[in-house]
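Observations on the three-dimensional arrangement
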Amino acid sequence: MADKHKDKDKDSGEAPAVREPSERELKAQRELATLGPHGEMELPSVTIEGYSLELREGDGFIGDTASRTAFRKMLDAWRVLFADMAGKDPFGSKPTLDIGKARLDELLEEGGPAAEAIRAAQEDYALQLAEVVPRFLKEKSWKGVKRVIVGGGFQQSEVGQIAIRRAAALLKAAKVPIELRTLRHHADEGGLIGWVHLAPTALLQSYDAILAVDIGGTNVRCGVVLTHLHKTPDMSRAEVVKRDKWGHAGDEPTRTELIEGIAGMLEKLLAHAEKKGIRVAPFIGVACPGLICEDGSIAGGAQNLPGNWESTRFRLPRDLYERLPMINGGRTQICLHNDAVVQGLSELPFTQDVERWAVLTVGTGLGNASYTNRQPA
C-alpha cells in the first residue's frame, strides 16, 4: 500500500515535493472512480440474465415467504404452539430472533420439544421454498435454468441445510426439473470471491489479489481475495486469505459513518497484505443490495441500508474512493454490483456442466440472480 501517494525519489533518496492536485485533476479522478463499469451484465464467460426480481403475491413479495426472516416467524409460531401444549416454553425466555444459528443447531441435536418445534418449522420452510422456486422458473430470465444455488447465511447452519435438502426432495417428488444445491463457499466469503470474475482479467495478470466488499443490511464483510489466476485460469481456487466483518446493524451508523467504517476496514486489510507481501491490484469490488445503475447509483432495493442509498446524487464508489489511498501507485478502480449476483458468480467455475443456472440468497430477504454460461469463441 502506498503511503498516501508519496514515493521516494530514486536518485536522491528524498521524498519529492508534493504538488496538490488541481480541482480539474480531482474531478477527473472522481469521474474515473464512478466509471466502474458498474452493474455489468455481459461478462466474457457468462451473461447475467437478471437479478433482484420482485415477484408479487397479494400485498407482498413471494420471496419474503422463503427468507431467513420467514423461517424465524415459522419457528416462533411453532414455539407458541408447543408452549401452549406443554405449559412451558421449550426455548426459555430468549426471543426467537435472538437465538443464534449455532444454538438452534445445538437444540436440534439435543432433541426434546425445542427440536420438534425446529423440525416443524423446517418442514414449513421447505414447503415454501419448494413453491417459490417454480415461480421463479416461470420468469423469462429464468427460462431453462437447471440448477439453483442457495446461498446466504441460512444455509450455513445444520438447521438451514436440512430444510434446503428437504425442499430439494419435495421438488424432485413434484417432478420439477431442477437441481437444488447450497453455496460451495462460506456465506461470508462467497460475496467476496465472486468479484474475481468481475475484475478485468488483464489487470489481475499483474497482481496476486483484489479487495472486495459485501454490504448487507446487518453486516459488512471486507476481504483480501487471492485469485490464484496463474495456477487455475478459471480461478476455481480463489480464496479469501484475510477478512473482516462488522455487524453494523447493532451500531446504527449513518450512511456516512458506514462508508467511513468500510474505508477503515479496507485500509487495515491493505496494510496486512503489504506486510505479507501480497500484491493487491488497484481494484475494489463492492457488492450491495439493490438495482445497480451504470453510473454507480442505486435505483432501488437498498432500503435495509442506513440512510438514503437511492438518492440520485449518491454514488457509493465515488464516496469510498475519496476516503482511500492509492493502491500500489495506481488509481483505484471501484466497481459496484448487486450482492446476489456477486455471490452467485463465486460458483461460476463449478457450473460449467450446465448452460443455465441461478442463485437464491436467503437472508433478511430473498436475493436472486440468473445466468447463462457463454461458449468460448
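Owing to the predicted nature of the structure, the values given are computational and were not obtained by experimental measurement.

What counts, and at which threshold
Note that residues are indexed from 1 along each chain, following the sequence as it is written. Local features are withheld for residues below a pLDDT of 70 in this predicted model, meaning they are given only at 70 or higher, and side-chain atom pairs are given and counted only at 80 or more; totals for whole chains, interfaces and linings count all residues. Remark: hydrogens and water are excluded; side-chain values derive from all non-hydrogen atoms of the structure. What makes a salt bridge here is a side-chain nitrogen of Lys or Arg within 4 Å of a carboxyl oxygen of Asp or Glu, nothing more. Exposed residues in this analysis have more than 50% of their type's maximum accessible area, buried residues have under 20%, and partly exposed residues fall in between, with area computed by a 1.4 Å probe over protein chains only. Every helix listed is a DSSP run of H or I at least four residues long, and every strand listed is a run of E at least two residues long, numbered separately from the N terminus. Grouping buried Ala, Val, Leu, Ile, Met, Phe, Trp, Tyr and Cys residues that are joined through side-chain atoms within 4.5 Å yields what is termed a nonpolar core. The contact definition used throughout considers only heavy atoms, calling two residues in contact when any of these lie within 4.5 Å. The predictor's confidence in any single residue is recorded as pLDDT, a number from 0 to 100. One fewer than the residue count of a helix, multiplied by 1.5 Å, yields its expected span. To obtain the arc, one takes the directions from the helix axis to the C-beta atoms. Any two strands with at least two DSSP bridges between them are considered paired. For helices, the axis comes from a line fit to the C-alpha atoms of the stretch in contact; other axes are also lines fit to C-alpha atoms, and the angle between any two N-to-C directions lies between 0 and 180 degrees. Pairing of aromatic side chains requires ring centres within 6.5 Å, counting the rings of Phe and Tyr and the six-membered ring of Trp. Pairs whose planes differ by under 30 degrees are stacked, by over 60 edge-to-face, and all others tilted. Any pair of N or O atoms that falls within 3.5 Å is considered a polar contact. Within protein, one atom must be able to donate a hydrogen and the other to accept it, and sequence-neighbouring residues count only if both atoms are side-chain atoms.

With that settled, consider the pattern of salt bridges. Enumeration according to the criterion identifies 18 salt bridges in this entry. Put simply, Glu110 and Arg103 hold a salt bridge, and the shortest N to O gap is 3.3 Å. With a relative accessible area of 55%, Glu110 lands in the exposed category. For the salt bridge of Asp295 with Arg315, the shortest nitrogen-to-oxygen distance reads 3.0 Å. Placement of the pair is Asp295 in the loop between strand E9 (280-288) and helix H9 (316-321) and Arg315 in the loop between E9 and H9, with a sequence separation of 20 residues. Salt bridges linked by common partners bring Asp188, Glu189, Asp214, Arg221, Arg243 and Lys245 together as one network.

Counting 70 residues, the largest nonpolar core has Ile215 and Leu266 as the members making the most contacts within it. For this core, the element with the most residues is helix H8 (residues 255-275), which contributes nine residues. In contact with Ile215, not counting residues within four places along its chain, are Val220, Leu258, Ile262, Val286, Ala287, Cys288, Pro289, Leu305, Trp309, Leu316 and Asp339. In terms of nonpolar packing, the next biggest core, distinct from the first, is built from 44 residues, Phe71, Met74, Ala121 and Leu366 among them.

The next subject is the confidence of the model for the protein. Residue-level pLDDT values for the protein average 89, and 90% of them are 70 or greater. In this model, residues 1-16 is a region of pLDDT below 50 whose contacts with residues beyond four sequence positions or in other chains number 24 contacts.

Turning to helix H2 (residues 68-86), a few remarks are in order. Taking 1.5 Å of rise per residue, the 19 residues of H2 would be expected to cover 27 Å, and the 27 Å separating its terminal C-alpha atoms lies within 8% of that figure. Every buried residue of H2 is listed here: Ala70, Phe71, Arg72, Met74, Leu75, Arg79, Phe82 and Ala83. The inward-facing, buried residues of H2 abut helix H3 (101-110), helix H4 (113-137) and helix H5 (158-173). Once H2 finishes, Gly87 follows within two positions and takes phi at roughly 75 degrees, a positive value.

Turning our attention to H3. An α-helix turns once per 3.6 residues; consequently, residues spaced three or four apart project the same way. All of the buried residues in H3 are Leu104, Leu107 and Leu108. On an axial view of H3, the arc spanned by its buried residues comes to 100 degrees, and they lie on one face. Seen from the open side of H3, the exposed residues pointing more than 90 degrees away from its buried face are Ala102, Glu109 and Glu110. Buried positions along H3 lie against H2, H4 and H5.

Further remarks concern the environment of Asp214. Among the secondary structure elements, Asp214 is positioned in strand E6 (residues 209-215). Looking at Asp214, the relative accessible area reads 5%, which means it is buried. Along the sequence, Asp214 and Cys288 sit 74 residues apart, while their C-alpha atoms lie 6.1 Å from each other. Once residues within four sequence positions are removed from consideration, Asp214 is found in contact with Gly191, Leu192, Asn219, Val220, Arg221, Ala287 and Asp339.

Attention now moves to the sheet that holds strand E12 (residues 366-373). Read from one edge to the other, the open sheet built from five strands follows the order E1-E12-E11-E4-E5, with strand pairing classed as mixed. Every interior strand has two partners, whereas the edge strands, strand E1 (46-51) and strand E5 (179-182), have only one. Pairs of neighbouring strands in the sheet enclose a mean axial angle of 25 degrees, with direction left out of account. On top of the sheet, H5 reaches strand E4 (147-151) and E5; it is set at about 170 degrees to E5, its chief contact.

Summed over the entire model, instances satisfying the criterion amount to eight aromatic pairs. Judged by centre distance (4.1 Å) and plane angle (15 degrees), the ring pair of Trp357 and Tyr371 falls under stacked. Here Trp357 is found in strand E11 (residues 356-362), whereas its partner Tyr371 is found in strand E12, with 14 residues between them in sequence. As far as burial versus exposure is concerned, Trp357 and Tyr371 are alike and both buried.

Within the element layout of this structure, Asn373 appears in strand E12. Looking at Asn373, its side chain comes within polar contact range of the main-chain oxygen of Val354, at 2.8 Å. Of note is the side chain of Asn373, whose polar atom sits 3.0 Å from the side chain of Trp357. Contact partners of Asn373, with chain neighbours within four places excluded, come to Ser45, Val46, Leu348, Thr351, Gln352, Val354, Glu355 and Trp357.

Let us look at unusual backbone geometry. One non-glycine residue, His228, adopts positive backbone phi at about 50 degrees. Tracing the backbone through its elements, the reader meets His228 in the loop between strand E7 (220-226) and strand E8 (239-246). On the basis of relative accessible area, His228 is assigned to the buried category, the value being 18%. At Met235, a position not held by glycine, the phi torsion is positive, near 60 degrees. Checked against the element boundaries, Met235 lands in the loop between E7 and E8. Classification of Met235 as buried rests on a relative accessible area of 7%.

Mapped onto the fold, Val46 is located in strand E1. When its relative accessible area of 0% is taken as the criterion, Val46 is described as buried. Sequence separation between Val46 and Arg356 is 310 residues, and the spatial gap between their C-alpha atoms is 9.7 Å. With sequence-adjacent residues up to four places away left out, Val46 is seen in contact with Met41, Leu345, Leu348, Trp357, Tyr371, Thr372, Asn373 and Arg374.

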